[in-house]
Amino acid sequence: MRREEIADLTAFVVVAEERSFTKAAIRLGMAQSALSQIVRRVEERLGLRLLSRTTRSVAPTEAGERLLAKLGPMLHDLDTVVGSLGELRDRPSGTIRITTVEHAAKTILMPAMKRLLADNPDIHIEINVDHALVDVVANQFDAGIRLGGEIARDMIAVRLGPDISMAIVAAPAYLARRPAPTTPAQLVDHKVINFRLPTSGTVIGWRLIRGGREAKVRGQGQLVVNTVDLLIDAVLDGHGLAYIHLDQVQQFIDNGILVRVLSKYTPDIPGYHLYYPNRRHPSSAFSLFVETLRYSL
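Residues numbered from 1 in each chain as written. Predicted model: local features only at pLDDT ≥ 70, side-chain atom pairs only at ≥ 80, totals over all residues. Heavy atoms only, no water.

Along its length, the protein carries nine helices and 14 strands. Relative to its length of 297 residues, the protein is extended, with a C-alpha radius of gyration of 33 Å against a globular reference of 19 Å. In terms of principal-axis extent, the alpha carbons of the protein reach across some 105 × 35 × 30 Å. Out of the 297 residues in the protein, the part that is buried amounts to 41%. In the protein, once contacts between residues fewer than 6 apart in sequence are set aside, the share between residues at least 24 apart is 71%. In the structure as shown, the protein presents an accessible area of about 17,000 Å², 52% of it carried by carbon and sulfur atoms. Positive and negative charge centroids in the protein, built from 36 and 32 side chains respectively, lie 4 Å apart. (Helix = DSSP H or I, 4+ residues; strand = E, 2+ residues; numbered from the N terminus. Rg over C-alpha atoms; globule rule 2.2 N^0.38 Å. Buried < 20%, exposed > 50% of the residue type's maximum accessible area, 1.4 Å probe, protein only. Contact = heavy atoms within 4.5 Å. Areas by Shrake-Rupley, 256 points an atom, 1.4 Å probe, with all protein chains shown as cover. Lys, Arg positive; Asp, Glu negative; His and termini not counted. Charge placed at Lys NZ, Arg CZ, Asp CG, Glu CD.)

Below, the structure is given as structure tokens:
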């Protein structure tokens, strides 16, 4: 059935329920003459008279009553469904799937969930930790969280936090065996605990200021790990130097358990951003999610 035929049948139902072209025209917001032509068109299409008309009244014929009995409940159910969609717009609800790295999940996403979920019981968040730069469209995620410099240009990006301070640290016991490096060039004389990304398998380079310019440096050592917890354990055990987010080891530096080196050669890295494809009509739940996470100075 074509769309215009459904619209015509809807008009007939309103006239039959109101038993008046005048009242039906007001309810539908259209001219009475146009409504009369629509009903006549329906009758011609079906080859049946659906309404008995006099100068004072309008009443369904037997065929009209049968059609009204079937169509009326269906159209009212449709109105109910459409109305419920409006409730979704006004009351945030639904499931939002997010891909993120663990550090962002712990420092940004989980703290924000305390505010969001407590006040919105119909919102559900699914968090998937993955160090790869995930294609959110292909993998059916609503959005992802990654460092700002990693996000594709065709994505909408929303900053979630400031740039991130990095640190190169070592245990005092390790530095007792080797003098602390004072320039990046001296890293060749040190053991480095490397970090391999769990998903891609790439060993990450260290972003350092070298010769007045930022460059990625990769050191050598006996140990490679693929979780932050193991990286921290390894540096605490004295296996070498580790390159890590400052906030993850600040307490150890403050307590003298670890020593920070090369701080003036260690630039901040771009902060975390939420990225997602263009959404012409985002759900109220997703819009609220974005605004909850959005970073403001």
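Moving on, there is more to tell.
The five strands lie next to each other as S4-S3-S5-S14-S6, forming an open sheet whose pairing is mixed. Unpaired on one side and paired on the other, strand S4 (123-129) and strand S6 (156-159) mark the two borders of the sheet. Strand-to-strand twist in this sheet, taken as the mean axis angle between neighbours without regard to direction, amounts to 25°. Looking at chain direction, S6 and strand S14 (residues 272-276) are connected through four bridges and run antiparallel. Residue pairing for S14: Ala157 is matched across the bridge by Tyr275. Set on the sheet, helix H5 (residues 102-119) makes contact with strand S3 (94-100), S4, strand S5 (143-147) and S14; between it and S4 the angle comes to about 175°. (Pairing = 2+ DSSP bridges. Axes fitted to C-alpha atoms, helices over the stretch in contact; angles between N-to-C directions.)

A word on the sheet that holds strand S13 (residues 259-261). Strand order in the open sheet formed by three strands is S12-S7-S13, and the pairing between neighbours is antiparallel. Two strands lie at the open edges of the sheet, namely strand S12 (242-245) and S13, each paired on one side alone. For this sheet the average axis-to-axis angle between neighbouring strands, irrespective of direction, equals 50°. When strand S7 (residues 166-170) meets S13, the two strands line up antiparallel, connected through three bridges. By the bridge assignment, Ile168 is partnered in S13 with Val261. With respect to the sheet, helix H7 (residues 228-236) is in contact with S7 and S12, its orientation differing from that of S12 by roughly 130°.

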